[in-house]
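Chain residues, written in single-letter form:
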Amino acid sequence: MIPIKSDRDLKIMRGACAIAATVLDRLCRFAREGVSTLDIDLAAKKYMEELSCRSACYHYRCGKLRYPGYVCVSVNDEVIHGIGRADRILKKGDIVSMDVSVVWNGFVGDNTRTVIIGDCAPEVKALVDCTDKALHAGIAAAVEGGRVGDISAAVQSVVEAGGYGIVEEFTGHGVGREMHEDPQIPNYGIAGTGAKLRAGMTLAIEPMITLGSSEIVVEPDGWTVRTADGLPSCHIEHTVLVTKDGPEILTLPLSDEELGIYSAGKIH
Ligand code: MF3
Ligand code: CO
């Protein structure tokens, strides 16, 4: 069943998403040449403390495993769920995806960006641009009365026009009281199929796109997903609300003014 958020739920959901986006925005500024992926993880922990939220990833369970980091940091051929490491130092030309999911007042906001460290190869830049375009095509299809398959098909058509690979084993998802709610939102599919979209649904749309083959492998750590061919991959994600007036991206950072009000404790 796909949860429909009440007005009260949405008030909190908006806050959780804006805070998740603010943490991510700060992390994107922090990521630079010479910084380790563990530094990024610890910076995320600090930003979350400053913004009075907690990581939805830390100790997230998958079977017997618990995720050890505060955010997922995935470099180059790492697709998703990379774990911060002191010996993984960012260098020029790397692309780094940072996936930030936070819990705030019982609701989850989920978003991911991929940043380029300095300059990267033009074909890698094109991959990042296409992933962003695919995400926004998917978001544009998140309209009341449409279907989940409309989002999937919109993402797929942009990715395939670019000639890239689509990771099929992981999907976007509903998000709210839980990080992963119904529906699953694959990054490929057929328009007009799947569950109907209704106002009040909050959806995490997140294309995971590869430069080469879409085949993936999971590292011995049980989490890190890489491309099997070692070529780069990109992941970008927003949490989106379906409204009567169209899709609304919830994971936009707080403005300085909103941040001032928030820090003064006037937003709860
Ligand atoms: N935030 C991720 C998503 O977009 C999932 C994180 S997995 C975890 O669905 F293990 F890190 F929690
Ligand atoms: Co997600």
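Being a predicted model, the structure only gives us computed values, none of them experimental. (Residues numbered from 1 in each chain as written. Chains lettered and ligands numbered in written order. Predicted model: local features only at pLDDT ≥ 70, side-chain atom pairs only at ≥ 80, totals over all residues. Heavy atoms only, no water.)

Taking 1.5 Å per residue, 24 residues should reach 34 Å; helix 1 (residues 7–30) reaches 35 Å between its end C-alpha atoms and fits that length. The buried fraction of helix 1 amounts to 17 of the 24 residues, a majority that puts the element mostly inside the structure. (Helix = DSSP H or I, 4+ residues; strand = E, 2+ residues; numbered from the N terminus. Expected span 1.5 Å × (residues − 1). Buried < 20%, exposed > 50% of the residue type's maximum accessible area, 1.4 Å probe, protein only.)

Judged by pairing direction, the sheet is antiparallel, and its 3 strands sit side by side in the order 8-12-15 without closing on themselves. Strand pairing shows two members of the sheet lacking a second neighbour, strand 8 (165–166) and strand 15 (233–235), which therefore form its edges. Pairing geometry for strand 12 (residues 208–210) and strand 15, over 3 bridges, is antiparallel. Bridge pairing in strand 15 places Thr210 opposite Ser233. With respect to the sheet, helix 3 (residues 122–140) is in contact with strand 12 and strand 15, its orientation differing from that of strand 15 by roughly 30 degrees. (Pairing = 2+ DSSP bridges. Contact = heavy atoms within 4.5 Å. Axes fitted to C-alpha atoms, helices over the stretch in contact; angles between N-to-C directions.)

Membership of the largest hydrophobic core comes to 44 residues, with the highest contact counts inside it found for Ile19, Leu27, Ile40, Met48, Val96, Met98 and Val100. Secondary structure elements with two or more residues in this core: helix 1, helix 2 (37–50), strand 4 (72–75), strand 6 (95–104), strand 7 (107–116) and helix 5 (256–263). A per-element tally of this core places helix 1 first, with 12 residues. Counting 30 residues, the second-largest nonpolar core is a separate cluster that includes Ile139, Ala142, Leu197 and Met201. (Core = buried A, V, L, I, M, F, W, Y, C linked by side-chain atoms within 4.5 Å.)

With that settled, the discussion passes to the site of ligand 1. Inspection of the region around ligand 1 gives 14 residues, with Asp99, Ser101, Asp110, His180 and Glu206 positioned closest. One nitrogen or oxygen atom from the side chain of His173 is found 3.1 Å from an oxygen atom belonging to ligand 1. Between ligand 1 and the protein, one listed contact pairs an oxygen atom with a side-chain N or O atom of Glu206 at 3.0 Å. For ligand 1, whose free accessible area comes to 330 Å², the fraction covered by protein is 97%. (Near = heavy atom within 4 Å. Polar contact = N/O pair within 3.5 Å; in protein donor to acceptor, adjacent residues only side chain to side chain. Areas by Shrake-Rupley, 256 points an atom, 1.4 Å probe, with all protein chains shown as cover.)

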